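If you want the building blocks of each chain, they are given just below.
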Amino acid sequence: MRDHRGANSSAIDFFQKFSNSDQFEKTFKEGMGLVEETANYLDLQGRVDSRALDRSGAIAYATESMRLTTRLMQLASWLLLQRAIATGDVARDDATREKSRVNLTDIGKGHVLPGGEELPAGLVELVEKSLRLHERILLLDKMLQAGITEDAANENPVAHQMSRLNAAFGRG
């Protein structure tokens, strides 16, 4: 069945269930909280911690904090996009275009950095939290895409073709 925008309504139903679930809400709050926690750390204690590092440690700190903020911005973008779709602020077709701007694949753990062993415990903890959140969001994204694909595959192909024929001949 198609909705008024031509989208598969069973896929929308799956998405609505997902986006209104406790799992999504918990993940959303965790993600936004981690963004705030990271900003606070980097602005306050992180500045103090980074001053105590030698040159290679400082470069590792700068690189890892950049990786962390990039990862969190991509995760937050994904979460905000899912919420915007659920609330109807973004149409599903527009969301597809926006989703192509969110990159969940290249934001995982990077290569080991020289001086990485000097990273402050606070930064390491935030990186680990962000990587766990990233893994969960990747899984949720795959589940969401699989649910939409499965719903589309379960659509009655004969009814769909009949609907198209009726529309083409002005009977629908």
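Residues numbered from 1 in each chain as written. Predicted model: local features only at pLDDT ≥ 70, side-chain atom pairs only at ≥ 80, totals over all residues. Heavy atoms only, no water.

When you go through the chain residue by residue, the secondary structure sums to seven helices and zero strands. The buried share of the chain, taken over its 172 residues, is 37%. In the chain, once contacts between residues fewer than 6 apart in sequence are set aside, the share between residues at least 24 apart is 81%. Put simply, the chain shows about 10,600 Å² of open surface, and 55% of that area lies on carbon and sulfur atoms. (Helix = DSSP H or I, 4+ residues; strand = E, 2+ residues; numbered from the N terminus. Buried < 20%, exposed > 50% of the residue type's maximum accessible area, 1.4 Å probe, protein only. Contact = heavy atoms within 4.5 Å. Areas by Shrake-Rupley, 256 points an atom, 1.4 Å probe, with all protein chains shown as cover.)

Moving on, we come to the nonpolar core. A general feature of soluble globular proteins is that nonpolar side chains tend to end up buried together. If you look at the biggest cluster of nonpolar residues, it comprises 27 residues, and the most contacted ones within it are Tyr61, Trp78, Leu104, Leu123 and Ile137. The set of elements that each furnish at least two residues to this core consists of α2 (22-43), α4 (55-87) and α6 (121-154). One finds Leu81, Ala84, Val90 and Ala95 within the second-largest nonpolar core, a separate group that totals five residues. (Core = buried A, V, L, I, M, F, W, Y, C linked by side-chain atoms within 4.5 Å.)

In the structure shown here, the tally under the stated rule is six salt bridges. Across the pair Glu64 and Arg67 runs a salt bridge, and its minimum N-O distance is 3.1 Å. Taken as a pair, Glu64 and Arg67 lie in helix α4 at a separation of three residues, close to a single helical turn. Under the relative-accessibility criterion, Glu64 is labelled buried at 10%. With its nearest N and O atoms 3.6 Å apart, the salt bridge here joins Lys129 to Glu125. Of the two residues, Lys129 and Glu125 are both situated in helix α6; the distance of four residues between them amounts to about one turn of the helix. We classify Lys129 as partly exposed; its relative accessible area is 23%. (Salt bridge = Lys/Arg side-chain N within 4 Å of Asp/Glu carboxyl O.)

What follows concerns the packing of aromatic side chains. Applying the stated criterion across every chain yields a total of one aromatic pair. Arranged with centres 6.0 Å apart and planes meeting at 40 degrees, the rings of Phe24 and Phe28 form a pair that is tilted. Separated by four residues within a single helix, Phe24 and Phe28 lie in helix α2, roughly one turn from each other. Above the plane of the ring of Phe28 lies Arg83, whose end atom (NZ or CZ) is 3.7 Å from the centre. (Phe/Tyr/Trp six-rings, centres within 6.5 Å; stacked < 30°, edge-to-face > 60°. Lys NZ or Arg CZ within 6 Å of the ring centre and 35° of its normal.)

Right, let's talk about the packing of α4 against helix α5 (residues 92-99) for a bit. It is at 10 Å that the axes of α4 and α5 come closest, and there the two elements cross at 175 degrees. In this view, α4 runs roughly antiparallel relative to α5, as classed from their interaxial angle. On the side of α4, the interface is formed by Trp78, Leu81 and Ile85, while α5 contributes Arg92, Ala95, Glu98 and Lys99. Across the contact of α4 with α5, the residue classes break down as four nonpolar, no polar and three charged. (Axes fitted to C-alpha atoms, helices over the stretch in contact; angles between N-to-C directions. Parallel < 35°, antiparallel > 145°, perpendicular 65-115°, else oblique. Nonpolar A, V, L, I, M, F, W, Y, C, P; charged D, E, K, R; others polar.)

Take the packing of α2 against α4 next. Between α2 and α4, whose axes approach to 10 Å, the crossing angle comes to 150 degrees. As summarised for this structure, α2 and α4 are arranged roughly antiparallel, according to the angle between their axes. For the pair α2 and α4, the sense of crossing is left-handed. Touching Phe24, Glu25, Thr27, Phe28, Gly31, Met32, Leu34, Val35, Thr38, Tyr41 and Leu42 of α2 are Tyr61, Ser65, Leu68, Thr69, Leu72, Met73, Ala76, Trp78, Leu79, Leu80, Gln82 and Arg83, all from α4. Split into classes, the residues belonging to the contact of α2 with α4 amount to 15 nonpolar, six polar and two charged. (Left-handed = near helix turned anticlockwise from the far one by under 90°.)

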